There are 2 protein chains.
Amino acid sequence: MQLDEFDRKIIAALQEDARMPVAAIAERTALSATPVSRRLKRLEDEGLIRGYVPLLDERKLGFALDAYVLVNLDAHSDANIAGFEQAIADNPYVIACHAVTGDRDYLLHVIARDVEHLGQITLKSIVRTPGVRDVQSVIVLETIKNTRALPLE
Amino acid sequence: MQLDEFDRKIIAALQEDARMPVAAIAERTALSATPVSRRLKRLEDEGLIRGYVPLLDERKLGFALDAYVLVNLDAHSDANIAGFEQAIADNPYVIACHAVTGDRDYLLHVIARDVEHLGQITLKSIVRTPGVRDVQSVIVLETIKNTRALPLE
DNA sequence: TATGAAATAATATAGTT
DNA sequence: AACTATATTATTTCATA
């Protein structure tokens, strides 16, 4: 996938404001609206742009707690893995889940209303998923940086 | 901050596609375009919606490696903390950074082109920041889930 | 193959009720 | 909050480099 300088400028503009009108993007890129509209469609069709999302204030939505949860499975059977991944997919409080290297199997990013709610999510839901041996929560004390923007060199 | 059913539907629509036109949001919410436009502005002004970003395919942008990096400081002086946080703010490959509970001070989310690049970021940049004692990288093997969508109950 | 300009279609917002 | 009018924006068409 080859990106030229125009594509990068279009993406950079969207990273600032993904609802920016095509005409405004065109101004910044020294193009007219027509090619911007077409390039945007191409970037979407090629899957480089997967979609657009709002950045929401978690606290204002009632989620005061942000945590990372490390999970170990006790047996790595296909059934356990599939069941665990399904449980994760179904849990709306798990906003990200990665299989990782190191002495844990999975790293989850979880949001919760408060400590009690986090306990429910981890101890009542995640730990009770078949195949899950244990969980360990790391609670976010402060978010120093949280950009979804990617470098475009 | 009180959200009614209309606000929630507006946000839910944006979580599906943040570039969705106001008219399309209006259809889903059983409102006309005018109140959707006004509510949207209100949600932005109140800071519940902090902005809009594109979801980009990291791999297609050349970032094949996704890692979480755990960082310890060796002295928690104000100067060290401020210097570290500035270094994080300046590093475009660090897309998130949290101060966390547990035996590590910070949890960073880092993207890199490849293993060598990750080494550069962690060993040439992060570790050399004054006050940083050590770093430990957890490499993402597979991303099971990665939604930025928040539950709106 | 990709662009700009103009025309048309669609969309957003302000005024009014 | 809806309806209507106006302003803005997106996309298609077409000529051109």
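For the structure itself, consult the block above.
In what follows, the accompanying structure is described.

Calculation criteria
- Residues numbered from 1 in each chain as written.
- Chains lettered and ligands numbered in written order.
- Predicted model: local features only at pLDDT ≥ 70, side-chain atom pairs only at ≥ 80, totals over all residues.
- Heavy atoms only, no water.
- Near = heavy atom within 4 Å.
- Polar contact = N/O pair within 3.5 Å; in protein donor to acceptor, adjacent residues only side chain to side chain.
- Nonpolar A, V, L, I, M, F, W, Y, C, P; charged D, E, K, R; others polar.
- Phe/Tyr/Trp six-rings, centres within 6.5 Å; stacked < 30°, edge-to-face > 60°.
- Helix = DSSP H or I, 4+ residues; strand = E, 2+ residues; numbered from the N terminus.
- Buried < 20%, exposed > 50% of the residue type's maximum accessible area, 1.4 Å probe, protein only.
- Lys NZ or Arg CZ within 6 Å of the ring centre and 35° of its normal.
- Contact = heavy atoms within 4.5 Å.
- Salt bridge = Lys/Arg side-chain N within 4 Å of Asp/Glu carboxyl O.

**Some remarks on the protein's contact with DNA strand C**
- Near DNA strand C lie 13 residues; those nearest to it are Thr34, Arg38 and Arg39 of chain A together with Val22 and Ser37 of chain B.
- Each atom of DNA strand C within 4 Å of the protein was assigned to sugar, phosphate or base; sugar and phosphate come to 50%.
- A distance of 2.9 Å separates a phosphate oxygen of DNA strand C from a polar atom in the backbone of Ser32 of chain A.
- Contacts to DNA strand C include Ala23 of chain B, whose backbone N or O atom sits 2.8 Å from a phosphate oxygen.
- Tallied by class, residues from the surface near DNA strand C come to 6 nonpolar, 4 polar and 3 charged.

**Some thoughts on the packing of aromatic side chains**
- According to the stated counting rule, one finds 5 aromatic pairs over all chains in the structure shown.
- A ring pair is formed by Phe84 of chain B and Tyr106 of chain B, whose centres lie 4.4 Å apart and whose planes are at 40 degrees; its orientation type is tilted. With Phe84 of chain B in helix α4 (residues 78-90) and Tyr106 of chain B in strand β4 (residues 106-112), this residue pair connects regions lying 22 residues apart in the sequence. For the pair shown, Phe84 of chain B and Tyr106 of chain B are each scored as buried.
- Above the plane of the ring of Tyr52 of chain B lies Arg19 of chain A, whose end atom (NZ or CZ) is 5.7 Å from the centre.

**Overview of the side chain of His117 of chain B**
All names here are of chain B.
- Mapped onto the elements of the fold, His117 is located in helix α5 (residues 115-126).
- At 2.8 Å, the side chain of His117 and the backbone nitrogen of Arg113 are in polar contact.
- Sequence-distant contacts of His117, defined by excluding residues within four places in its chain, comprise Tyr93 and Ala112.

**Overview of the pattern of salt bridges**
- Summed over the entire model, instances satisfying the criterion amount to 20 salt bridges over all chains.
- The salt bridge involving Arg113 of chain B is made with Glu153 of chain A; its shortest N-O contact spans 2.2 Å. Here Glu153 of chain A lies in the segment after β5 (132-146) and Arg113 of chain B lies in the loop between β4 and α5, a pairing that spans two chains.
- The exposure class of Arg113 of chain B is partly exposed, given its relative accessible area of 35%.
- Ionic pairing is found between Arg42 of chain B and Asp7 of chain B, a salt bridge with its closest N-O pair at 3.0 Å. Taken together, the positions of Arg42 of chain B in helix α3 (residues 33-45) and Asp7 of chain B in helix α1 (residues 5-16) put the pair 35 residues apart, joining distant regions of the chain.
- Arg42 of chain B sits in the partly exposed class, given a relative accessible area of 30%.
- Under the relative-accessibility criterion, Asp7 of chain B is labelled buried at 2%.
- Connected via shared salt-bridge partners are Asp4, Asp7, Arg39, Arg42 and Glu46 of chain A.

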